[in-house]
Amino acid sequence: GDSVTQMEGPVTLSEEAFLTINCTYTATGYPSLFWYVQYPGEGLQLLLKATKADDKGSNKGFEATYRKETTSFHLEKGSVQVSDSAVYFCALSGWEGFKTIFGAGTRLFVKA
Amino acid sequence: ETGVTQSPTHLIKTRGQQVTLRCSSQSGHNTVSWYQQALGQGPQFIFQYYREEENGRGNFPPRFSGLQFPNYSSELNVNALELDDSALYLCASSAGTTSYNEQFFGPGTRLTVL
């Protein structure tokens, strides 16, 4: 079945460092891909999404490109801030459009 | 505009008991999905309700059941609780059932089964 694999955390960075969180997926057909963020004590929030190959989703300085040839959707940010500390989830919605499948999450700590 | 709310925030039950969790969807949304998030894991899809009917279900046993009401709020019921049911239960509302409809998540209900 469909699945999402993302890099294990925690990831610890200094402020203004470059961030990459790797995500690969297995799916039938052409899924929509998402990154969600979960801040401490808060619910999941959609960070960005891409619905077809070569689309780039972006929001709040984060971006990710839908790469069908490598089945990947890596999250990047050029300069992280302490306020970016959170858990990040890669997810997909496949042919069963009603179901969103999440990766295990990657915790990011950003030090001042 | 009120966001997605869930109640209660925390709950402690013992094995074998039954529990009901509640979710109020965002204004204008007719679809509610429920997820189970075990500690350190990503959310796992339980089921989705669209206009008071179950629209799809994940790999959860029948003792997980749900309801959606005419105002599109929803309940998740779990019978015969097991220790492994301890988790954060999230609901998400959306304006439709497809992946093009953004899901808005509530803060969750933390269930502990002793």
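Anything mentioned here points back to the structure above.
Residues numbered from 1 in each chain as written. Chains lettered and ligands numbered in written order. Predicted model: local features only at pLDDT ≥ 70, side-chain atom pairs only at ≥ 80, totals over all residues. Heavy atoms only, no water.

All names here are of chain A. Within the open sheet, the four strands sit side by side as 3-9-8-7. Their pairing is antiparallel. The open sheet terminates on both sides in strands that have one partner only, identified here as strand 3 (19-21) and strand 7 (56-59). Put simply, the sheet's adjacent strands are angled 15° from each other on average, direction ignored. (Pairing = 2+ DSSP bridges. Helix = DSSP H or I, 4+ residues; strand = E, 2+ residues; numbered from the N terminus. Axes fitted to C-alpha atoms, helices over the stretch in contact; angles between N-to-C directions.)

In this section: the interface of chain A and chain B. The interface of chain A with chain B comprises 18 residues on the first partner and 23 residues on the second. In total, chain A and chain B occlude about 1500 Å² of area from one another, counting both sides; carbon and sulfur atoms represent 54% of this. Counting the surface chain A buries against chain B, the share from its top three residues, L44, F98 and F102 of chain A, is 35%. The interface formed by chain A and chain B includes two residue pairs in polar contact (both at pLDDT 80 or more). Of all the elements, strand 5 (residues 32-38) of chain A adds the most residues to the side of chain A that touches chain B, at four residues. Residues that form the side of chain A that touches chain B fall into these classes: eight nonpolar, eight polar and two charged. (Contact = heavy atoms within 4.5 Å. Buried area = accessible area lost by both parts, 1.4 Å probe. Polar contact = N/O pair within 3.5 Å; in protein donor to acceptor, adjacent residues only side chain to side chain. Nonpolar A, V, L, I, M, F, W, Y, C, P; charged D, E, K, R; others polar.)

Remember that the coordinates give geometry; whether it matters functionally is a separate question.
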